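Reading the structure
Letter by letter, the chains look like this.
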Amino acid sequence: MAPTVRPTVAQPLSPHLQIYRWTWTMAMSVFHRITGTALYGGAALVAIWLVALASGPAAYGTVAWFFGSIVGRLVLFVYTWILMHHMLGGLRHFIWDLGYGFDRAQRMGLARATLIGSVILTVLIWALALTLR
Amino acid sequence: MADNRQNTNVTMRTPRARVKGLGASGHGAGHFWTQRLTAAANAPLMLAFVVIVALMANRPYPEAVALMSHPVVALILILAVISVTAHMRIGMQVIIEDYVHDKKLKLLSLLANNFYAVVVAVACLYAILRVSLGKLV
């Protein structure tokens, strides 16, 4: 077998994201990665919150004040939604892993359900949290 | 990747490597499996985590410590921290491997990813144990 010689001309690349027409499944796939990355960063907030609780009343007071503020609540609200979206996206992957949901209609339905379901769950969680306190 | 060629002499791979079947990455489908395993654990654990955070809101310090000290709460949080940090470490590694092509930057990113995941995990676990066992109030 002759050794392969790498050509010196630039190889054609496969079309990238900006070439394709956006579809629901594609958008939800990209969004799954984005939400995963956001949760990755948000894990630091959880660590700060827990370490503050372990550090004493003064440290916890500061952190609790931030998360109770308008900005803090907004962060928590968006964080809840991102978490729910990533969770439903993961469940969608489980459905696919088991071999179901590959038809066009099912794919679209699952992609839409991920977005709509995440919004409903987020609103439900906050409504319950705010009314049951 | 399975090697289905008839004549396997034409390869640089050792017979042992072929038998182990772990591919170029050296870990085969291990990451895929761990990612699914931790995902399955994360779903109920993070729903419980959301409830715990909602219960913690607006509590004065001694009550917050008392709630966190409850064995069920502490156990759920410890399990969640372990599962989530393992999940996010692999997830970010895949993203880095997909998008960072510069060798040095890739190596640094992978290092940083591991350090970050471990620091977050250990900080959370230490704090949970300190609060639940430390008699802070």
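It should be noted that the structure appears before, not after, this text.
What this report covers is the structure whose coordinates are included nearby. No experiment lies behind these values; they were computed from the predicted model shown.

Next up on the list: the pattern of salt bridges. For the structure shown, the criterion picks out three salt bridges over all chains. The shortest N-O distance in the salt bridge between Asp-97 of chain A and Arg-36 of chain B comes to 2.5 Å. Linking Asp-97 of chain A in helix H3 (residues 70-97) with Arg-36 of chain B in helix H2 (residues 30-56), this pair reaches from one chain into another. What makes Asp-97 of chain A partly exposed here is its relative accessible area of 39%.

Contacts between the two partners involve 37 residues from chain B and, on the opposite side, 26 residues from chain A. Summing the contributions of chain B and of chain A, the shared interface buries around 2,700 Å²; its carbon and sulfur component is 76%. Applying the counting rule to chain B against chain A returns two salt bridges. Linking chain B with chain A are eight residue pairs in polar contact (both at pLDDT 80 or more). Of all the elements in the fold, those that place two or more residues in the side of chain B that touches chain A are H2, helix H3 (61-69), helix H4 (71-99) and helix H5 (103-133) of chain B. When residues in the side of chain B that touches chain A are grouped by element, the largest group, 12 residues, is from H2 of chain B. Along the lines of polarity and charge, the residues of the side of chain B that touches chain A split into 30 nonpolar, three polar and four charged.

Attention now moves to H2 of chain B. The end-to-end C-alpha distance of H2 of chain B, which contains 27 residues, comes to 37 Å, matching closely the 39 Å that a straight helix rising 1.5 Å per residue would cover. The axis of H2 of chain B is deflected most strongly, by about 35°, at Asn-42 of chain B, and proline Pro-44 of chain B appears within four residues downstream.

Let us now look at the packing of aromatic side chains. Counted by the stated rule, this structure contains six aromatic pairs over all chains. Considering the side-chain rings of Phe-31 of chain A and Trp-81 of chain A, the 5.6 Å spacing of their centres and the 45° angle between planes classify their relative orientation as tilted. Placement of Phe-31 of chain A in helix H1 (residues 24-55) and of Trp-81 of chain A in helix H3 is noted, with a sequence separation of 50 residues between them. Overall, the relative accessible area of 23% leaves Phe-31 of chain A in the partly exposed class. With relative accessibility at 26%, the residue Trp-81 of chain A sits in the partly exposed group. With a centroid separation of 4.7 Å and an interplanar angle of 40°, the aromatic rings of Tyr-40 of chain A and Tyr-116 of chain B are classed as tilted. Taken together, the residues span two chains, with Tyr-40 of chain A in helix H1 and Tyr-116 of chain B in helix H5. Taking the ring centre of Trp-24 of chain A as reference, the NZ or CZ of Arg-112 of chain A above it sits at 5.1 Å.

This part takes up a nonpolar patch on the surface. Residues and elements named next belong to chain A. Together, Leu-45, Ile-48, Ile-70, Val-71 and Val-75 line one region of the surface with nonpolar side chains, adding up to about 440 Å² of accessible area. For the nonpolar patch, the secondary-structure elements that each account for two or more residues are H1 and H3. Residue contributions to the nonpolar patch peak at three residues, all from H3. With respect to the helices and strands, the residue Leu-45 is situated in helix H1.

Residue and element names in this part refer to chain B. Within the secondary structure, Ser-69 is located in helix H3. In this view, Ser-69 contacts Val-131 and Ser-132; residues no more than four positions away in its chain are not counted. Among the polar contacts made by the side chain of Ser-69, one reaches the main-chain carbonyl oxygen of Val-65 at a distance of 2.5 Å.

The next thing to look at is H1 of chain A. Residue and element names in this part refer to chain A. The end-to-end C-alpha distance of H1, which contains 32 residues, comes to 45 Å, matching closely the 46 Å that a straight helix rising 1.5 Å per residue would cover. The largest bend along H1 reaches roughly 25° and is located at Gly-41. Gly-56 sits one or two positions beyond H1 and adopts a positive phi of about 130°.

The phi angle at Asn-58 of chain B is positive, at roughly 65°, despite the residue not being glycine. Inspection of the secondary structure puts Asn-58 of chain B in the loop between H2 and H3.

The biggest cluster of nonpolar side chains holds 50 residues, and the ones touching the most others in it are Trp-49, Leu-50 and Leu-53 of chain A together with Met-56, Met-68 and Leu-77 of chain B. Contributing elements (two or more residues each) for this core: H1, helix H2 (57-68), H3 and helix H4 (104-131) of chain A together with H2, H3, H4 and H5 of chain B. By residue number, the principal contributor to this core is H1 of chain A, which donates 10 residues.

Residue and element names in this part refer to chain B. With respect to the helices, strands and loops of the structure, Gln-93 is situated in helix H4. For Gln-93, a relative accessible area of 11% gives the class buried. For Gln-93, the contacting residues outside a window of four places in its chain are His-31, Leu-110 and Asn-113.

Rules used throughout
Residues numbered from 1 in each chain as written. Chains lettered and ligands numbered in written order. Predicted model: local features only at pLDDT ≥ 70, side-chain atom pairs only at ≥ 80, totals over all residues. Heavy atoms only, no water. Salt bridge = Lys/Arg side-chain N within 4 Å of Asp/Glu carboxyl O. Helix = DSSP H or I, 4+ residues; strand = E, 2+ residues; numbered from the N terminus. Buried < 20%, exposed > 50% of the residue type's maximum accessible area, 1.4 Å probe, protein only. Contact = heavy atoms within 4.5 Å. Buried area = accessible area lost by both parts, 1.4 Å probe. Polar contact = N/O pair within 3.5 Å; in protein donor to acceptor, adjacent residues only side chain to side chain. Nonpolar A, V, L, I, M, F, W, Y, C, P; charged D, E, K, R; others polar. Expected span 1.5 Å × (residues − 1). Bend = angle between axes of the 7 residues up to and from the residue. Phe/Tyr/Trp six-rings, centres within 6.5 Å; stacked < 30°, edge-to-face > 60°. Lys NZ or Arg CZ within 6 Å of the ring centre and 35° of its normal. Patch = residues over 30% accessible without salt bridge, like charges linked within 9 Å, V, L, I, M, F, W, Y side chains within 5 Å. Areas by Shrake-Rupley, 256 points an atom, 1.4 Å probe, with all protein chains shown as cover. Core = buried A, V, L, I, M, F, W, Y, C linked by side-chain atoms within 4.5 Å.

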